[in-house]
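Observations on chain architecture
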Amino acid sequence: MPEAPKSAEYSVVAENNKKVLQFIEEVTTNADEVQKRVLAEILSQNAHVEYLHRHDLNGHTDRDTFKKTMPVITYEDIQSVITRIANGDKSPILCSQPISEFLTSSGTSGGERKLMPTIEEELERRSKLYSLLMPVMSQFVPDLEKGKGMYFLFIKSEAKTPGGLPARPVLTSYYKSPHFKNRRPDPYTNYTSPNETILCSDSYQSMYSQMLCGLCQNKEVLRVGAVFASGFIRAIRFLEKHWPLLCHDIRTGTINSQITDPSVREAVMKILKPDNKLADFIEVECSKNSWQGIITRLWPNTKYIDVIVTGTMSQYIPTLDYYSNGLPLVCTMYASSECYFGVNLNPLCKPSEVAYTLIPTMGYFEFLPVHRNNGVTNSISMPKSLNEKEQQELVDLVDVKIGQEYELVVTTYAGLYRYRVGDVLRVAGFKNNAPQFNFICRKNVVLSIDSDKTDEVELQNAVKNAVSHLMPFDAHVTEYTSYADTTTIPGHYVLFWELNVNGSTPVPPSVFEDCCLTIEESLNSVYRQGRASDKSIGPLEIKIVESGTFDKLMDYAISLGASINQYKTPRCVKFAPIVELLNSRVVSSYFSPKCPKWVPGLKQWNNMN
């Protein structure tokens, strides 16, 4: 008897999947018409807002007038307007609907998070994109509705603007919203983690309780994941450290006393039952010398890992392959604080071939062609402002060319107009008339471990601040470079310094440690939050290298074909042989002795308190 409702539920799932795939088919086939309609909707809804008046759009909603009239902008161009709204100005400045909150972007502006305005109805739009993911996935991996997903999802710290609006990361906003918390029963959003464990603000309690629930339901788990690859690896490393405690809880049916949040304890106790057999099994697997394949050993029915491994996250692929015995790594969607963009319609492709199809209903998209001087840069530097000719180069969604790289420019329902997101994409192909893009990189970013993004200028300033500690010893840095070391969990920034020491007194180790901390204090708030609050980034390390190391680096680059006239020391390196060369010449290394200071919110808000 119990089978009848199940099969009815599966036929509902099948019907819903069919509708979703039909929706994707329609909007990608009619991509240009949908884009025209989206732009007209945005401009007519917001026709009377101050920003559009200021640029003399005069109520026009057609594409040609919009492109002739409205400038292409960066965050700095609207920062003063954002500040007004954050300080409590409720007049329709950017958007006719009230700004409900700010989403804090991990891209930074002057060392602070960017504040992206959003409105209530955007939650509906974001939920719509989420609803496309599993119907697409079910075409490639059947029967996912018959089990659960073990996802490690977390909320982050949030602040209130002086005007009283929440300012928080986009995923924190989504997890705290009724769209997530009160979601209808759906076999695809059936997670091992109860909502209470996800919404716990204490990162240790949240991780511990989510891992405990995932282990208790290990046979039901069909897919595992986190948002970023780095977050999932952190969860596995957490298990490596805490499995004896977790086994004890499973054996006894009790929760560790460090889990003090009453709602978390109550939610976990609905799942946790004494189970000697399961505890023995976990203990045997976790006690083995090698943790290779630990994911498929502990969760034997897992079919794939759902994490972002594009862009800087690709550095974690070897570690994920090791822990999972080469399970498929699936990147399902492409989104940011500014706007949710698209989905991967071929989710079982190799990570290097991931291409996202932009869904034309999400916002109005334009594309600025990127012209690289050479193809080997790790980051792409692009001018802040565009001249008239460059503004005219922007092309529409359906007019991009295969193989060409573009910077994404977006116009949103929440009040961003021709806004440069900062992502560089390459056209990989088309789904009907909608292009599919490989994510190449964030422009200007040289270092990233988790959601942090550090650019070359910021790194340069941080090093400049740090080297002042060397002056009393008549020592200075003659050359430096950096790399993101992800062999440690969590990963950390490494700087290689070559010194010129003229003083007779050696530089004490404590001075180099002070240099490490000064660099960290000089980096942006996203980095400092990752170090101090989220613990997603490890202490920064400075490695002192032998004299002449950077000459050797130049010789090596020239041997690979670099021009001696145009060579300049790269401020970030990723190529393994170069990292090996630098490491082979290290004479000493030093770590930051403590976490840099960080508090939620922007500096100026904290100064007001």
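Residues numbered from 1 in each chain as written. Predicted model: local features only at pLDDT ≥ 70, side-chain atom pairs only at ≥ 80, totals over all residues. Heavy atoms only, no water.

Here we come to the overall build of the protein chain. Within the protein chain, the secondary structure is distributed over 22 helices and 22 strands. Counting every position in the protein chain, which comprises 609 residues, the buried fraction comes to 54%. For the protein chain, the share of sequence-separated contacts (at least 6 apart) that also reach a separation of at least 24 residues comes to 71%. Surface summary for the protein chain: the accessible area is close to 26100 Å², and the carbon and sulfur share equals 52%. (Helix = DSSP H or I, 4+ residues; strand = E, 2+ residues; numbered from the N terminus. Buried < 20%, exposed > 50% of the residue type's maximum accessible area, 1.4 Å probe, protein only. Contact = heavy atoms within 4.5 Å. Areas by Shrake-Rupley, 256 points an atom, 1.4 Å probe, with all protein chains shown as cover.)

Following the criterion strictly, the structure yields 22 aromatic pairs and no others. Between Phe367 and Tyr406 the ring centres are 6.0 Å apart and the planes differ by 75 degrees, which places this aromatic pair in the edge-to-face class. Highlighted residues: Phe367 in strand 12 (residues 364–369) and Tyr406 in strand 14 (residues 405–411), separated in sequence by 39 residues. With relative accessibility at 0%, the residue Phe367 sits in the buried group. One aromatic cluster is present, formed by Tyr130, Tyr174, Tyr175, Phe180 and Tyr340 through successive ring pairs. Geometry around Tyr413 places Arg125 over its ring, the cationic atom sitting 3.6 Å from the centre. (Phe/Tyr/Trp six-rings, centres within 6.5 Å; stacked < 30°, edge-to-face > 60°. Lys NZ or Arg CZ within 6 Å of the ring centre and 35° of its normal.)

Under the definition given, this model contains 27 salt bridges. Here Glu121 makes a salt bridge to Arg125, at a shortest N to O gap of 2.8 Å. Taken together, the residues Glu121 and Arg125, both in helix 6 (residues 120–138) and four residues apart, mark about one turn of the helix. On the basis of relative accessible area, Glu121 is assigned to the partly exposed category, the value being 25%. (Salt bridge = Lys/Arg side-chain N within 4 Å of Asp/Glu carboxyl O.)

Within the sequence span of helix 21 (residues 576–583), burial applies to Ile578, Val579, Leu581 and Leu582. Around the axis of helix 21, the buried residues are gathered within 160 degrees of arc, so they sit on the same side. (Arc of directions from axis to C-beta.)

Let us look at the side chain of Ser592. Examined against the element boundaries, Ser592 turns out to sit in the loop between strand 22 (586–591) and helix 22 (603–608). Only 3.2 Å separates the side chain of Ser592 from the backbone oxygen of Lys594, close enough to count as a polar contact. Aside from chain neighbours lying at most four places away, what touches Ser592 is Glu513, Cys516, Leu517, Glu520, Arg531, Pro539 and Leu540. (Polar contact = N/O pair within 3.5 Å; in protein donor to acceptor, adjacent residues only side chain to side chain.)

When pLDDT is averaged along the protein chain, the result is 84, and 90% of the positions lie at 70 or above. Confidence, read as mean pLDDT per element, is least for helix 22 in the protein chain (56) and greatest for helix 14 (residues 294–298) (93). For the stretch residues 1–5, pLDDT sits under 50, and the model shows zero contacts to residues farther than four places along the chain or on other chains. Here residues 374–379 is modelled with pLDDT under 50, and outside its nearest four sequence neighbours on either side it reaches nine contacts, counting other chains as well. (pLDDT = per-residue confidence, 0-100.)

On to the sheet that holds strand 21 (residues 541–545), then. The sheet built from four strands is open, its strands ordered 19-20-21-22 with mixed pairing. Among the strands making up the open sheet, the edge pair consists of strand 19 (475–485) and strand 22. Across this sheet, the average inter-strand angle for adjacent strands is 25 degrees, counted without regard to direction. Pairing analysis gives ten bridges linking strand 19 to strand 20 (residues 492–501), with the strands arranged antiparallel. (Pairing = 2+ DSSP bridges. Axes fitted to C-alpha atoms, helices over the stretch in contact; angles between N-to-C directions.)

Quick look at helix 10 (residues 203–216) now. Between its terminal C-alpha atoms helix 10 stretches 20 Å, which fits the 20 Å expected from 14 residues at 1.5 Å a residue. Counting buried positions along helix 10 gives eleven out of 14 residues, so the element sits mostly inside the fold. Along helix 10, the residues classified as buried are Gln205, Ser206, Met207, Tyr208, Ser209, Gln210, Met211, Leu212, Cys213, Gly214 and Leu215. Of the residues flanking the start of helix 10, the one acting as N-cap is Asp202, its side-chain oxygen 3.0 Å from the backbone nitrogen of Tyr204. (Expected span 1.5 Å × (residues − 1).)

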